[in-house]
Amino acid sequence: MTTVDEHSADLTRHGEAAYEAATRVFNLFAPVTPAAAVTARSTEEIRAAIAHARAHGLGVRVHTTGHASATARPMEDALLIRTEPDGEVAVDPRRRIARIPAGTRWGAVVEAAAPHGLAAPHGSSPTVGAVGYLLGGGLSMYARHTGLAVNSVRAVELVTADGGQRRVDAYSDPELFWALRGGGGGFGVVTAVEVALFPVTGVITGAAFWPAAQAARLLPRWRAWTERAPREATTSVRVMNLPKLPEVPEILSAGPVLCLDGVVVAPGDEDTARARRQADELLAPLRAVADPLMDTWHEAGPLAVPETHMDPPEPVPVLGDHLLLRELGDDGVAEFLRATVDRPRSALTVAELRQLGGGLSAPVPGAGALGHLDARFAYSGAGVPGFGGTEEEIRAHCAEVRRALSPWDTGRTAPTFVASLDQPQGHLDADAVLAADRVRTRVDPEGLFRGDIAPGCSAAR
Ligand SMILES: Cc1cc2nc3c(=O)[nH]c(=O)nc-3n(C[C@H](O)[C@H](O)[C@H](O)COP(=O)(O)OP(=O)(O)OC[C@H]3O[C@@H](n4cnc5c(N)ncnc54)[C@H](O)[C@@H]3O)c2cc1C
């Protein structure tokens, strides 16, 4: 029989180097300060940490990269487990399945899949953790082609509150499998996920930038294109106020810019010509409005896609907001521009509209608690306190955009896009909230993991 001490990784407290490592977060604006923290590299270490928390009357919290720390509840009464299980991504090319250990960032999954002609449903940043992203639904760079990323999950390995290790799939425990996929978290410590990959022979991907002064001519054309866009194409537009940094091309930091980026995917060789045509139908009318300041759209393989959106690789302080929007029409686009571009000064570094629809919009048979997004655009706005605006100015600007877009607000949210703990959240309907609670009561009757439940996802809190 194993004891806690035999396997305990270093349980650390504030001020110790290992505590700082275990509590490191991507969003420097939202540090986390649990009572104790541990980086767990094996199932035994996770079990030992859970036992330690129990023995000391602490709750258990889990994270991987801390990309979502701004949405984490306070954890002063908890032990935080950073999951970094040993092991690599293992791809089974025949079944087109990747087994992904919980500490893995998406960049490593993309690199493991690409040699097999396969791609993964990753998001815009290669440094986001696969597990946190998937548990929250996951809006992929290929989202309109693949649907919500969580629908690709085939099995979840986790340690539950009783210290038991389970491999959960649609057959072994359909209710827990349902709840794990978008049900709001708080079910245990995930140690690995199995995810379906999809074939890709090529992509057309990149980003084109124009002066924001052209936005009033460009954005309505892009919006009109989204109404008839093919499922193979997933794009986003951003109004950006970029800082003058060595890694930012000068031409992009000279003033506000509008960026259009995305992916058009060719699943098979025979689809390449069609993908070229589809990309041209998107880009040619926009390039005709004005020459881009910079234009990186090109033909490539899936390895290029994690770089397309140019998310910051290093931790930054970020404060933001998010809404899921219905069809904007020209009026909605005009309001978005009024609130983001047509003003003397912006406190938002980025105001983004991601294109939804396609494979994201329809309920999927066998889906989990969150399987689709009934919305046309995902808005997110974000500012960096100290750059472009103070915290108060960023909050005020976020509130202004929220007010401007309120006629198109669906009231729903995508869990992975929610930007702060205090913003209204609406991932699940009331029935799904109750069903997820029933599963939690079964697998975590004492509520050891309740601090990890996303707001709005439990009737109990
Ligand atoms: C620059 C940037 C780009 C992004 N791009 C996208 C995008 O394109 N699409 C998209 O959908 N999202 C995107 N996100 C959001 C991102 O997907 C979420 O923040 C996601 O929750 C991050 O997961 P993580 O594990 O890296 O973060 P963490 O903060 O470590 O974890 C987030 C939550 O996931 C849960 N969790 C994490 N690991 C485990 C585990 N092992 N066991 C149990 N629960 C766990 C916990 O509840 C934790 O609070 C982006 C975020 C940033 C900062």
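Small disclaimer: the values here were computed from a predicted structure and weren't measured.

Chemist: How should I be thinking about the overall build of the protein chain in this particular structure?
Modeler: Scanning the protein chain for helices and strands turns up 14 helices and 18 strands. Rg of the C-alpha trace for the protein chain: 22 Å, near the compact-globule value of 23 Å for 461 residues, within the 12% margin. Expressed as lengths along the three principal axes of its C-alpha atoms, the size of the protein chain is roughly 70 × 50 × 45 Å. Taken over 461 residues, the protein chain has a buried fraction of 57%. In the protein chain, of all internal contacts separated by at least 6 residues, the share reaching a separation of at least 24 is 74%. Accessible surface for the protein chain amounts to roughly 18600 Å². Of this, 53% is attributable to carbon and sulfur atoms.

Chemist: Would you explain the nonpolar core in this entry?
Modeler: Most often, soluble globular proteins have nonpolar side chains that are buried together. I100, W106, L139 and F187 are the most contacted members of the largest nonpolar core, which totals 52 residues. Of all elements in the fold, only β5 (97-101), α4 (106-113), α5 (130-135), β7 (153-159), α7 (174-180), β9 (189-196) and α14 (430-443) reach the threshold of two or more residues within this core. Considering each element in turn, this core owes the most residues, 5 residues, to α14. Lining this core are residues from two domains, each supplying at least three of them: domain 2 (90-199 + 429-443) and domain 3 (202-417). In this structure, I100 is in contact with V89, W106, V109, A130, T191, A192, V193 and V195, ignoring residues within four places of it in sequence. In terms of nonpolar packing, the next biggest core, distinct from the first, is built from 44 residues, V289, L328, V333 and Y379 among them.

Chemist: Quick question: what am I supposed to make of the site of the ligand here?
Modeler: T64, T65, G129, L139 and T416 are the nearest of the 29 residues found near the ligand. T64 is positioned such that a nitrogen or oxygen atom in its backbone is 2.6 Å from an oxygen atom of the ligand. Residue G129 places a main-chain N or O atom 2.7 Å away from an oxygen atom belonging to the ligand. Counting residues per element, the ones that place at least two in the shell around the ligand are β2 (59-63), α5 and β9. In terms of residues, the shell around the ligand owes the most to one element, α5, which gives 4 residues. Looking at the shell around the ligand residue by residue, the classes come out as 12 nonpolar, 14 polar and 3 charged.

Chemist: What is the right way to read the packing of helix α8 (residues 215-228) against helix α12 (residues 329-340) from this model?
Modeler: Between two packed helices, the angle of one axis relative to the other and the distance separating the axes together describe the packing. Remark: α8 packs on α12, axes separated minimally by 10 Å, with the N-to-C direction vectors making an angle of 140°. Our classification of the angle between α8 and α12 gives oblique. In this structure, the crossing between α8 and α12 has a hand that is right-handed. Of α12, the residues touching α8 (which contributes A215, A216, L219, P220 and R223) are G329, D330, V333, F336 and L337. Looking at the contact of α8 with α12, its residues break down into 7 nonpolar, 1 polar and 2 charged.

Chemist: Teacher, can you tell me more about the domain arrangement of the protein chain here?
Modeler: When the parts of a complex come together, some accessible area is lost, and that lost area is often taken as the interface size. Each assigned domain of the protein chain is listed here: domain 1 (13-83), domain 2 (90-199 + 429-443) and domain 3 (202-417). The interface of domain 1 with domain 2 comprises 13 residues on the first partner and 17 residues on the second. Approximately 1100 Å² of surface area, both sides summed, lies buried where domain 1 meets domain 2, with 62% of it carried by carbon and sulfur atoms. Taken together, domain 1 and domain 2 are joined by 0 salt bridges. Taken together, the connections running from domain 1 to domain 2 amount to 3 residue pairs in polar contact (both at pLDDT 80 or more). At the level of elements, α3 (43-55) and β3 (78-83) are the ones that each hand at least two residues to the side of domain 1 that touches domain 2. By residue number, the principal contributor to the side of domain 1 that touches domain 2 is α3, which donates 5 residues. Grouping the amino acids of the side of domain 1 that touches domain 2 by side-chain chemistry returns 5 nonpolar, 5 polar and 3 charged.

Chemist: Before we go on, may I ask you to explain the sheet that holds strand β1 (residues 36-40) in this structure?
Modeler: One key point about sheets: their strands pair by backbone hydrogen bonds, in either a parallel or an antiparallel sense. Pairing within the open sheet is parallel, and its 3 strands lie in the order β1-β3-β2. Edge strands, defined here as strands with exactly one partner in the open sheet, are β1 and β2. Adjacent strand axes in the sheet meet at a mean angle of 25° when their direction is disregarded. Of the pairings in the sheet, the one linking β1 to β3 comprises 5 bridges and is parallel in character. Directly across from T39, in β3, lies its bridge partner R82.

Chemist: I'm lost on the side chain of T23 in this one. Help?
Modeler: Tracing the backbone through its elements, the reader meets T23 in the loop between α2 (17-22) and β1. A polar contact is formed between the side chain of T23 and the backbone oxygen of E20, at a distance of 3.4 Å. If we ignore the near neighbours within four places in the chain, the residues touching T23 are V32, P34, A37, H63, L80 and R82.

Chemist: What should I look at first to understand the pairing of strand β17 (residues 350-355) in this one?
Modeler: Along any regular strand, the residues point their side chains to alternate faces of the sheet. The buried fraction of β17 is high, at 6 of 6 residues. The two faces of β17 match: V350, E352 and R354 on one face and A351, L353 and Q355 on the other face are all buried. In this sheet, β17 lies alongside strand β12 (residues 233-240) in antiparallel orientation, the contact comprising 5 bridges. Looking across to β17, one finds that S236 is bridged to R354.

Chemist: Sorry if this is basic, but what is going on with the packing of α12 against helix α13 (residues 391-405) here?
Modeler: Axis separation between α12 and α13 bottoms out at 9 Å; the angle between their running directions is 165°. Compared by their axis directions, α12 and α13 come out roughly antiparallel. Crossing of α12 over α13 shows right-handed handedness. Seen from α12, the contacting residues are G332, E335, F336, R338, A339 and T340; seen from α13, they are H397, E400, V401, A404 and L405. Split by residue class, the contact of α12 with α13 holds 5 nonpolar, 3 polar and 3 charged.

Chemist: Help me out: how do you make sense of the sheet that holds strand β4 (residues 90-92) in this one?
Modeler: Read across the sheet, 5 strands follow the order β4-β5-β9-β7-β8 without closing on themselves; strand pairing throughout is antiparallel. Bordering the open sheet on either side are β4 and β8 (165-169), each of which pairs with just one other strand. The average undirected angle you get between the axes of adjacent strands in this sheet is 15°. When β5 meets β9, the two strands line up antiparallel, connected through 5 bridges. Counted as the bridge partner of I97 is A196 from β9.

Rules used in this analysis
- Residues numbered from 1 in each chain as written.
- Predicted model: local features only at pLDDT ≥ 70, side-chain atom pairs only at ≥ 80, totals over all residues.
- Heavy atoms only, no water.
- Helix = DSSP H or I, 4+ residues; strand = E, 2+ residues; numbered from the N terminus.
- Rg over C-alpha atoms; globule rule 2.2 N^0.38 Å.
- Buried < 20%, exposed > 50% of the residue type's maximum accessible area, 1.4 Å probe, protein only.
- Contact = heavy atoms within 4.5 Å.
- Areas by Shrake-Rupley, 256 points an atom, 1.4 Å probe, with all protein chains shown as cover.
- Core = buried A, V, L, I, M, F, W, Y, C linked by side-chain atoms within 4.5 Å.
- Domains from an automatic or database assignment.
- Near = heavy atom within 4 Å.
- Polar contact = N/O pair within 3.5 Å; in protein donor to acceptor, adjacent residues only side chain to side chain.
- Nonpolar A, V, L, I, M, F, W, Y, C, P; charged D, E, K, R; others polar.
- Axes fitted to C-alpha atoms, helices over the stretch in contact; angles between N-to-C directions.
- Parallel < 35°, antiparallel > 145°, perpendicular 65-115°, else oblique.
- Left-handed = near helix turned anticlockwise from the far one by under 90°.
- Buried area = accessible area lost by both parts, 1.4 Å probe.
- Salt bridge = Lys/Arg side-chain N within 4 Å of Asp/Glu carboxyl O.
- Pairing = 2+ DSSP bridges.

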